[in-house]
Amino acid sequence: MTSSKTSTAYLTVSCKDQPGIVAAVSGFLFSKNANIIHSDQHSSDPIGGRFFLRMEFHMKNFENKFEDFKKEFSKTVATKFDMSWTLTPAWIKTKTAILVSKFDHALMDLLWRAKRGELFTDITMVISNHPDLREAVEAFGITFHHIPVEKDKKEESEKKILELLDGKVDLIILARYMQILTSKLIESYPFKIINIHHSFLPAFVGADPYRRAGERGVKLIGATAHYVTEELDQGPIIEQDVIRVSHRHDIEELKVLGRDIERQVLSRAVKWHLSQRILVDGNKTVVFV
């Protein structure tokens, strides 16, 4: 179960690598009587590379000091090092929407984990291009929206989706949503849309990867969670896993085994996103776990 995060926050930083970054950040926190709970850092190259930092810290009555803290940090530290940075209150649940088609395994796993407190998020809605999962979703007390996607009318459907999402979500999860998103939706939520692809990317990009894996006679199948970009299945990879298979497994057996991996990979990626453990570096990610 998730422990209380009262007066705790996540600070993430990326900037050009240079001396003094950690000292400046930790010194600022010390000056505010903040207690650093976790700290992780990474340099892509000490000479001309990028520096990445994640700190989780606690500060008494931080809820009342949050905005002033942000302004002062920006002025005295972030500007000096030309930082890209985020400060996220850990006590506020991220608002999440899930998009799904007919496959329910990833969806139900996320709903169950959120209800159990394993994912610190408020799932505000589930949107599907099919009506099949309404009863299962509403059993969790979550609003279900059916928005069909007709051929040559995708933009109309996505307009309705964007209207539902507007102001109500911080994160979108594609839990086997079998539609390609348009650029407008992707651009509205940059690096805030996580997809689960049922193969070990970059192998078997696109549709029906289990069939193609079986035809190729692979000995490992896997799943990949990644941020969605306009290029299909090419966004920054967050998490992957594999399972060994053999010639004895037919396509249906590969799908059963693969769904277990999909659930685990997606839930880990979502959990890391919720706790600000993922920093995007071009088309790669730095994941502090």
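Residues numbered from 1 in each chain as written. Predicted model: local features only at pLDDT ≥ 70, side-chain atom pairs only at ≥ 80, totals over all residues. Heavy atoms only, no water.

S.K.: Before we move on, can you summarise unusual backbone geometry with the specific residues and values?
M.R.: For the bond running from Leu-201 to Pro-202, omega is 15 degrees, close enough to zero to count as cis. Located in the positive-phi region is Asn-33, a residue other than glycine, with phi close to 60 degrees. Tracing the backbone through its elements, the reader meets Asn-33 in the loop between α1 (21-31) and β2 (35-43). (Helix = DSSP H or I, 4+ residues; strand = E, 2+ residues; numbered from the N terminus.)

S.K.: Explain the sheet that holds strand β5 (residues 94-100) to me, and be specific about the residues and the numbers.
M.R.: Sheet strands line up and pair through hydrogen bonds in the backbone, either parallel or antiparallel. Taking strand neighbours across the sheet as the criterion, the seven strands line up as β7-β6-β5-β8-β9-β10-β11 in an open arrangement whose pairing is mixed. With partners counted over all chains shown, the strands left at the sheet margins are β7 (143-146) and β11 (237-244), one partner each. For this sheet, the mean inter-axis angle between neighbouring strands, taken without regard to orientation, is 20 degrees. By the bridge criterion, four bridges tie strand β6 (residues 121-128) to β7 in an arrangement that is parallel. Bridge pairing in β7 links Ser-128 to His-146. Contacting β5, β6 and β8 (171-174), helix α3 (residues 105-116) runs over the sheet at an angle of about 155 degrees to β6. Running over the sheet, helix α5 (residues 154-165) touches β5, β6, β7 and β8 and is turned about 160 degrees from β6. (Pairing = 2+ DSSP bridges. Axes fitted to C-alpha atoms, helices over the stretch in contact; angles between N-to-C directions. Contact = heavy atoms within 4.5 Å.)

S.K.: Can you tell me about the sheet that holds β2, naming the residues and giving the values?
M.R.: Spatial ordering of the open sheet is given by β2-β3-β1-β4, a layout of four strands whose pairing is antiparallel. Of all strands in the sheet, those bounded by a partner on one side alone are β2 and β4 (84-89). Sheet twist, expressed as the average angle between the axes of neighbouring strands with direction ignored, equals 10 degrees. Two strands pair when backbone bridges link them, and β2 and strand β3 (residues 50-58) are joined in this way by eight bridges, in the antiparallel orientation. Residue Ile-36 lies in a different strand from β3, and its bridge partner there is Phe-57. Helix-sheet contacts for α1 involve β1 (8-16), β2 and β3, and the interaxial angle to β3 is about 20 degrees.

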